[in-house]
Amino acid sequence: MNNYSSVRVGVAGATGYAGLELLRRLVRHPHADLRFAMASSASESKRLPALGRIWDAPIEPLDVAKLASETDAVFLALPETLAAEIAPVLADRGARVFDLSGAFRLRDAAVRQRWYPHTGVTSVPIVYGLTERRRLELGSAKLVACPGCYPTAAVLALQPLVAGSLVEPGIVIDAKSGISGAGKTPTERTHFSECHDSISAYGVFAHRHAAEIEQELGTAVTFVPHLVPLDRGILETIYARLRPGIDETAVAAALTRAYENAPFVRLTGADLPEIKHVAHTNFCDIGWRVQGQQLVMVACIDNLVKGAAGQAIQNFNVVFGFDEAAGLN
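Residues numbered from 1 in each chain as written. Predicted model: local features only at pLDDT ≥ 70, side-chain atom pairs only at ≥ 80, totals over all residues. Heavy atoms only, no water.

Colleague: Would you explain the packing of helix H5 (residues 131–138) against helix H11 (residues 305–319) in this entry?
Modeller: To describe two helices that pack against each other, one gives the angle between their axes and the distance between the axes. Interhelical geometry of H5 versus H11 gives an angle of 30 degrees and a closest axis separation of 10 Å. Considering the angle they form, H5 stands roughly parallel to H11. In this structure, H5 crosses over H11, and the sense of that crossing is right-handed. Between H5 and H11, the contacting residues are Thr131, Glu132, Arg135 and Leu138 on the first element and Lys306, Gln311, Gln314, Asn315, Val318 and Val319 on the second. Its residues assigned to classes, the contact of H5 with H11 comprises 3 nonpolar, 4 polar and 3 charged. (Axes fitted to C-alpha atoms, helices over the stretch in contact; angles between N-to-C directions. Helix = DSSP H or I, 4+ residues; strand = E, 2+ residues; numbered from the N terminus. Parallel < 35°, antiparallel > 145°, perpendicular 65-115°, else oblique. Left-handed = near helix turned anticlockwise from the far one by under 90°. Contact = heavy atoms within 4.5 Å. Nonpolar A, V, L, I, M, F, W, Y, C, P; charged D, E, K, R; others polar.)

As structure tokens, this is what we get:
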């Protein structure tokens, strides 16, 4: 039962792309009392012109003690090494924590050590926050590990089919993301001159999101991400073979059953989705076509909204018993 009319909220890491998206939505959220917007370090303080007349207070230096004592919920849009350190501290002191980093997404200790070596063992229960698939677990969650952007689209598209044994092993995920998916800190790869007029594959057999996708699906996949010259958005083209006797009708039925009550999953069938259909929204659009036993799916999200800030707020709404779409429409 919801005993909250308003929740005291803090955001840490407010100067990054995902942090800015959080602030834009939380200041208008009907049940969020935004108390603090903090930077990623104890020495950084600034004003953000992009948030003029939305959030005019300065971005404060990071202060974990203040977040722990003066908020009910904290959104962490921090580097994973820092999130790994402070998320359990905040949760132990009573705050509900929504971590947008990858620090706590992987459950297997050995796999987590490979991809997130700074994440230690914690006694705080962790819920993987793919809202549509973990809604029942979220109600009592103290620490929510919000999914990565690529896994969000891939798992939403594939999990109903894998769970229903509709597809054969050997799934291939060809994923393309806008530049903001690489974060705000510039690198040679994200330099304008490197990205403009080009598309590049990266992280082949070496991307941490592959481990996250395989964890949630329970099967191996071939995952190849690409960087495309867009500000935002993810489009994943997924290839799988249907098991004998499975046809397009069975695919459509499985997806419809899975998402008939999901406000932010739109099934488009043979009308394949595009990034512009989901940009600046919390929707995941999923389309598919079948020829013989070959299935091709296309899943699209905005990497900064459904792939980050929007999904975190969606989880916040479920945890505190609010309308799942509050602050997101």
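Colleague: Hey, could you run me through helix H6 (residues 149–163) in this one?
Modeller: For an α-helix, the turn length of 3.6 residues means that residues three or four places apart are oriented alike. With 15 residues, H6 should cover 21 Å at 1.5 Å per step; its first-to-last C-alpha distance of 21 Å lies within 8% of that length. Valine 155 marks the point of greatest bend in H6, at about 40 degrees. Of all 15 residues making up H6, 14 are buried, and the element is well covered by its neighbours. (Expected span 1.5 Å × (residues − 1). Bend = angle between axes of the 7 residues up to and from the residue. Buried < 20%, exposed > 50% of the residue type's maximum accessible area, 1.4 Å probe, protein only.)

Colleague: Could you clarify how one ought to interpret the pairing of strand E13 (residues 294–301) in this entry?
Modeller: The two faces of a sheet get side chains in turn, since along a regular strand they alternate between them. In terms of residue burial, E13 counts as a mostly covered element, since 6 of its 8 residues are buried. In this sheet, E13 lies alongside strand E10 (residues 234–241) in antiparallel orientation, the contact comprising 8 bridges. The partner of threonine 237 across the bridge, within E13, is valine 298. As paired strands, strand E12 (residues 284–291) and E13 are joined by 7 bridges and run antiparallel to one another. Bridging across to E13, valine 290 finds its partner in leucine 295. Taken together, E12 and the strand that follows it, E13, pair antiparallel across an intervening segment of 2 residues, in which glycine 292 is found at a positive phi of about 65 degrees. (Pairing = 2+ DSSP bridges.)

Colleague: Hey, could you run me through the sheet that holds strand E6 (residues 143–145) in this one?
Modeller: The pairing of strands in a sheet happens through backbone hydrogen bonds and is either parallel or antiparallel. Pairing is parallel across the open sheet formed by 6 strands, whose spatial order is E2-E1-E3-E4-E6-E5. The open sheet has two free edges, formed respectively by strand E2 (32–38) and strand E5 (126–128), since each of these has just one partner strand. Neighbouring strand axes in the sheet, compared pairwise and without regard to direction, differ in orientation by 20 degrees on average. One ladder, built from 3 bridges, connects E5 with E6; its direction is parallel. By the bridge assignment, tyrosine 128 is partnered in E6 with alanine 145.

So yeah, pure geometry; function would need other evidence.
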